[in-house]
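Observations on the model geometry
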Amino acid sequence: MTSTLITVAPTGAEVSKADFPQLPTTLEELVAEAKACEAAGAALVHVHIRDEQARPTLDLGRLEATVAALRESTSLVVQLSTGGSVRDPLEARLAVLDAAPDSCSLTCGTVNFGDEVFLNPWPFMVDLFEKARDLHVVPEFELFDLGQVAALRRLLDTCGLPFGGRVHCDFVMGVPGGMPGTVPALVAAVQALPPEVTSWSATGIGRSHLPVAAAALALGGHLRVGMEDNLLLAKGRFVQSNAELVERAARLATLLQRPAMSTAQARELLAVAA
Ligand code: KMH
Ligand code: ZN
């Protein structure tokens, strides 16, 4: 493993534009952020979109326009979130794949999510897996908890390999209700991964962001950063742009002799069409 896949998750579904005006919520803001993040070292963008009032939406027309705009202005791997917000119905989350992204997130189980529940029942996981395979979309398996690593094992046993034949996971750590963003938790989760897994990244929510990033690099993993996961650059210093987080991740990766990979290398790693 020589280089690092840096994923940027610029928007998410939880942070409000009113509270955090630098959050990219319009298509123009998202594309501008994506371009800056690519220049800073990101190779994959994990996308949640917002409506005119900056509320989370899974509107198919908007998703299609977003995929087209990101493809026109960047060479980033475009991953649409199928997690949406905790209020989105499962059918709408499944329909996200009709926007034909390169990749989609696929969370491997239900998890408490602060005061809410992020619902991912087993039949939904199987439907999502199969629809992604039918539409030639490469899934990224999101793992919020150790039990979800076991559910990934069950999913691969039940459905086989995803489209492209690679198995890429992302540990999302530090969500209240999921596994903590600690080094022992990351080590345990990595050790439990099925042997079919070909690559993994990790992100720590909030204050666990940096320790998780450093541990992930040391363990041979890749990085996810972005305002979806973390709004602070340092104590008392709010993030002004997603590119700041990507730049810092790229510096950290370079320091550990694992510089950021290109978008072409990311496509090869994930078996996403060029
Ligand atoms: N917004 C969270 C409820 C994903 O993108 O697939 C779910 C989430 C995971 O962000
Ligand atoms: Zn997300």
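You'll find the structure just up there.
Reference entry: report on the structure contained in this document. (Residues numbered from 1 in each chain as written. Chains lettered and ligands numbered in written order. Predicted model: local features only at pLDDT ≥ 70, side-chain atom pairs only at ≥ 80, totals over all residues. Heavy atoms only, no water.)

**Notes on the sheet that holds strand S9 (residues 138-143)**
Applicable threshold: When DSSP locates at least two bridges between a pair of strands, those strands are taken to pair. Strands are runs of DSSP state E lasting at least 2 residues, helices are runs of H or I lasting at least 4, and numbering of each runs from the N terminus. Under this scheme, a helix contributes an axis fitted over its contacting stretch, all axes are lines through C-alpha atoms, and angles between N-to-C directions fall in the 0 to 180 degree range. Whether two residues are in contact is decided by their heavy atoms: any pair within 4.5 Å suffices.
The sheet built from eight strands closes into a barrel, its strands ordered S1-S2-S5-S6-S9-S10-S11-S12 with parallel pairing. The sheet shows a mean angle of 30 degrees between the axes of neighbouring strands, taken without regard to direction. Where strand S5 (residues 77-80) lies against strand S6 (residues 103-107), two bridges are found, and the strand directions are parallel. Along S6, the bridge assignment pairs Leu-80 with Cys-104. Sitting on the sheet, helix H5 (residues 146-159) is in contact with S6, S9 and strand S10 (168-173), with an inclination near 145 degrees to S9.

**What about the coordination of the zinc ion (ligand 2)?**
This is how it is decided: In this description, a donor is an N, O or S atom within 2.8 Å of the metal centre, a cutoff extended to 3.2 Å for sodium, potassium and calcium. Water is not part of the atom list, which can make sites seem incomplete. To sort residues, take the accessible area from a 1.4 Å probe on protein chains only and compare it with the maximum for the residue type: under 20% means buried, over 50% means exposed, and anything in between is partly exposed.
Coordination of the zinc ion (ligand 2) by the protein comes from His-46 (NE2), His-48 (NE2) and Glu-228 (OE), over a distance range of 2.1 Å. Counting gaps between the donor residues of the zinc ion (ligand 2) yields the pattern H-x1-H-x179-E. Here His-46 is found in strand S2 (residues 44-47), whereas its partner Glu-228 is found in the loop between strand S12 (222-225) and strand S13 (232-234), with 182 residues between them in sequence. Given the relative accessible area of 3%, His-46 is considered buried.

**Structural notes on the nonpolar core**
The condition that has to hold: We define a nonpolar core as any set of buried Ala, Val, Leu, Ile, Met, Phe, Trp, Tyr and Cys residues linked to one another through side-chain atoms lying within 4.5 Å.
Cys-108, Phe-141, Leu-155, Phe-171, Leu-186 and Trp-200 are the most contacted members of the largest nonpolar core, which has 73 residues in total. Those residues in contact with Leu-186 that sit more than four places away from it in its chain are Phe-171, Met-173, Trp-200, Ala-202, Val-212, Ala-215, Ala-216 and Leu-219. Counting 10 residues, the second largest nonpolar core, distinct from the first, contains Leu-5, Ala-43, Met-261 and Ala-266.

**Description of the site of ligand 1**
Rules: Near, as used in this document, describes a residue that has one of its heavy atoms within 4 Å of the molecule or strand being considered. Pairs of N or O atoms within 3.5 Å make up the polar contacts considered here, provided that, within protein, one atom can donate a hydrogen while the other can accept it, and that residues adjacent in sequence are counted only when both atoms are side-chain atoms. Where accessible areas are quoted, they stem from the Shrake-Rupley method and a 1.4 Å probe; at the residue level, only the protein chains shown are allowed to cover. Gly is put with the polar residues, along with every residue not named as nonpolar or charged; the nonpolar set is Ala, Val, Leu, Ile, Met, Phe, Trp, Tyr, Cys and Pro, and the charged set is Asp, Glu, Lys and Arg.
All residues adjacent to ligand 1 are Glu-14, His-46, His-48, Ser-81, Gly-83, Gly-84, Val-86, Ser-105, Phe-113, Phe-118 and Glu-228. Glu-14 has a polar side-chain atom sitting 2.8 Å from a nitrogen atom of ligand 1. One nitrogen or oxygen atom from the main chain of Gly-83 is found 3.3 Å from an oxygen atom belonging to ligand 1. Protein burial of ligand 1: of its 300 Å² of free accessible surface, 97% is covered by the chains. Residue composition of the shell around ligand 1, grouped by class: three nonpolar, six polar and two charged.

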